[in-house]
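# Residue-level structure breakdown
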Amino acid sequence: MDTEALKKVPKYRWGTKLAGWCLLILYAGLCIVASVLSFGNKDNSLQINDVSPTPTIKSSVTPQILVHLPENKSLIKFEDFSSNIRNWSLYYPNGKVEVINGKMILQSNLSNHAAIGERHDFISVYENYYVQADFTTDIATRLPYGLVFGMNDSLGTYYLFFINPQTRAYYLLKNLSGEWNELIPFSRGKIRPYPEVNTLSAYYVKGNIELFINGELVASYLDEQPLQYVGVGAYVTGSGYRLIVDNFFAYSEP
Amino acid sequence: MGPSSEKPESYTAELVVLAGYILFFCLAVILYFIFLISFTRNLQKSPSQINSFATNLPPQTPIPSIPLNYEPGSLPIFREDFDNNQNGWTGDPDLASREFKDGKLYIESLDENSYALTSCSKCPILREPYIFTVELSTDQLTDGGFGVVFALQYTRDYFYLFRINLESKKYFLSRYYEDNWSRRMTGIADQIQPYPAVNKLSIYVNKSMVEFYINGKLIDTYQDAGTSFQSGQVGLYVNDTGFRLIADNLIIDKIEGK
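Residues numbered from 1 in each chain as written. Chains lettered and ligands numbered in written order. Predicted model: local features only at pLDDT ≥ 70, side-chain atom pairs only at ≥ 80, totals over all residues.

## Quick notes on the overall build of chain A
Summing up its helical and strand segments, chain A has 1 helix and 15 strands in all. Looking at chain A as a whole, 35% of its 254 residues qualify as buried. (Helix = DSSP H or I, 4+ residues; strand = E, 2+ residues; numbered from the N terminus. Buried ≥ 20, exposed ≤ 12 C-beta atoms within 10 Å, placed from the backbone.)

Structural data, given as structure tokens:
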């Protein structure tokens with residue numbers, strides 16, 4: 001009996017020890033999980049503090065023409081929107097074009113009513129020209145927006161390079177005084193989602209239009225009846241969001 | 001040795017391990033709930049609204065800058081009750097007619113293809129933030145526009161125009177510079193009262209920012225970096241022929257900006 005009792009005790013202790021070691025491992029695991037979660041939470045709170053209430057992440061990249069840089073750089077017209085001395089104006093009623101904190105802010109104040117912030121004399125009228133600008137919005141939106149070029153504000157004619165970051169789609173339209181023609185239909189492209197900036201460019205040579213998104217050629221189109229004017233601008237489809245435009249480049253050459 | 005002489009078995013170690021497991025379970029549950037609460041809060045803070053480009057924008061629903069207890073005429077820079085032309089209201093005589101009657105100023109555009117603009121020689125040249133208020137009505141039903149001008153320069157070749165239309169209930173902000181008009185803002189305001197009501201137009205001007213009030217209600221704001229809206233004079237504007245604009249109780253008050 002005695003020997004049996006003595007034998008039972010070590011067996012019993014061995015199980016307890018195993019349970020104890022397991023418990024230690026579990027505690028260690030718990031500590032690791034708690035540390036990881038706490039670190040992640042700290043990151044989040046820092047991020048929220050950074051963006052609250054009005055964040056502006058400054059780009060360290062110097063704005064530049066991404067494609068089709070002209071040989072004669074003096075032709076380049078650049079708008080950094082430090083002021084509205086160049087007189088960007090509103091086309092279409094029911095909207096607002098402002099210059100705030102180095103950006104052009106464009107908005108429509110009626111749903112399904114477009115607004116354009118434009119300049120008809122940014123570049124001289126020639127058969128070759130290039131337009132480029134950076135675009136984003138103040139909130140995520142399902143509505144498209146885009147780059148206007150070849151505009152004549154008296155006639156109401158222009159090309160519109162439209163993008164929708166939510167669906168990552170782009171298309172090219174031509175407006176002839178209210179009559180819309182779809183030159184390039186709905187296509188998918190490498191469009192950055194909100195809140196990232198998308199750089200849209202259009203290169204026009206005697207009716208041949210090349211479209212670029214973030215410096216990459218996405219489509220080209222030959223317009224047999226091209227628009228002869230060179231007004232440029234930005235376009236919003238309707239109300240509910242504000243389009244933020246910056247670094248507007250353009251040049252034209254004979 | 002009989003069973004009665006055996007030492008009672010000690011369960012201390014087992015109890016400690018058991019307590020350890022219970023404590024571990026409790027800590028794990030607490031940690032889980034902390035994580036759950038933290039995750040929900042982060043979702044509510046909606047990081048998708050963060051704009052990495054420039055979100056330093058004014059709110060969509062503007063907040064009035066003028067104090068709630070502000071009474072027109074309480075901080076006067078200039079006051080005009082239009083009893084007579086003691087302040088020297090002038091304009092191009094070929095384009096506008098002016099008449100002082102019953103303590104009001106009647107302004108009419110004489111040229112269908114031009115506008116009538118009138119300002120006064122004794123109106124102050126403003127340089128500080130101010131609020132400008134005037135009561136405007138028309139002598140007949142019209143779809144012509146009228147309004148107030150500000151940042152008016154001496155040569156009259158540069159100013160901003162805040163114009164309303166009684167029929168469409170629309171308001172407009174335009175910039176005029178050397179025969180060129182640039183439209184900056186348009187919208188619809190239900191606060192615009194139809195003929196024959198008097199509409200009280202106010203503009204609060206502070207550096208590069210303007211707030212527009214109609215009948216005491218803030219209807220819109222406008223900002224234009226690099227532009228000082230508070231520099232210059234104010235005036236009255238008639239867009240079209242066929243009616244007379246009636247102006248009364250023009251007040252300019254000094255209000256310090258934020």
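Moving on from the model shown.
## Considerations on the nonpolar core
By size, the foremost hydrophobic cluster in this structure holds 109 residues, and its most contacted members are Ala234 of chain A together with Val148 and Phe150 of chain B. Among the elements that make up this core, the one with the highest residue count is strand E15 (residues 243-253) of chain A (7 residues). Ignoring sequence-local partners within four residues, the contact set of Ala234 of chain A consists of Met104, Leu106, Ile116, Gly117, Ala133, Phe135, Leu147, Val148, Leu243 and Val245 of chain A. (Core = buried A, V, L, I, M, F, W, Y, C linked by C-beta atoms within 7 Å. Contact = placed C-beta atoms within 7 Å.)

## Some points on the domain arrangement of chain B
Domain boundaries in chain B define domain 1 (12-47) and domain 2 (76-254). Taking only C-alpha atoms, the centre of domain 1 of chain B and the centre of domain 2 of chain B are 66 Å apart. (Domains from an automatic or database assignment.)

## Description of the sheet that holds strand E5 (residues 115-119) of chain A
All names here are of chain A. The antiparallel open sheet is built from 7 strands, whose spatial order is E2-E5-E14-E7-E8-E9-E10. Looking at which strands have only one partner, the edges of the open sheet turn out to be strand E2 (89-91) and strand E10 (179-188). Recorded for the sheet is a direction-independent mean angle of 25° between the axes of neighbouring strands. Here 5 bridges tie strand E7 (residues 145-152) to strand E14 (residues 231-236), and the two strands are oriented antiparallel to one another. Paired with Leu147 across the bridge in E14 is Ala234. (Pairing = 2+ DSSP bridges. Axes fitted to C-alpha atoms, helices over the stretch in contact; angles between N-to-C directions.)

## A few points about unusual backbone geometry
Along the chain, Tyr194 of chain A connects to Pro195 of chain A via a cis peptide bond; the corresponding omega equals 5°. Topologically, Pro195 of chain A is positioned in the loop between E10 and strand E11 (198-205). Cis geometry marks the peptide bond from Tyr195 of chain B to Pro196 of chain B; its omega dihedral reads 10°. Topologically, Pro196 of chain B is positioned in the loop between strand E10 (180-188) and strand E11 (199-206).

## Observations regarding the environment of Tyr203 of chain A
With respect to the helices, strands and loops of the structure, Tyr203 of chain A is situated in strand E11. What Tyr203 of chain A contacts, discounting residues up to four positions off in sequence, is His68, Tyr130 and Glu210 of chain A.

## Some points on the pairing of strand E12 (residues 209-214) of chain B
Residue and element names in this part refer to chain B. Taking burial as the measure, the 6 residues of E12 include 6 buried ones, the bulk of the element. Because side chains alternate across E12, one face comprises the buried residues Met209, Glu211 and Tyr213, and the other comprises Val210, Phe212 and Ile214, equally buried. Between E11 and E12, which pair antiparallel and follow one another directly, the connecting turn spans 2 residues, one of which, Lys207, has a positive phi of 55°. Following E12, the chain reverses through 2 residues before pairing antiparallel with strand E13 (residues 217-223); Asn215 in that reversal takes a positive phi of roughly 50°.

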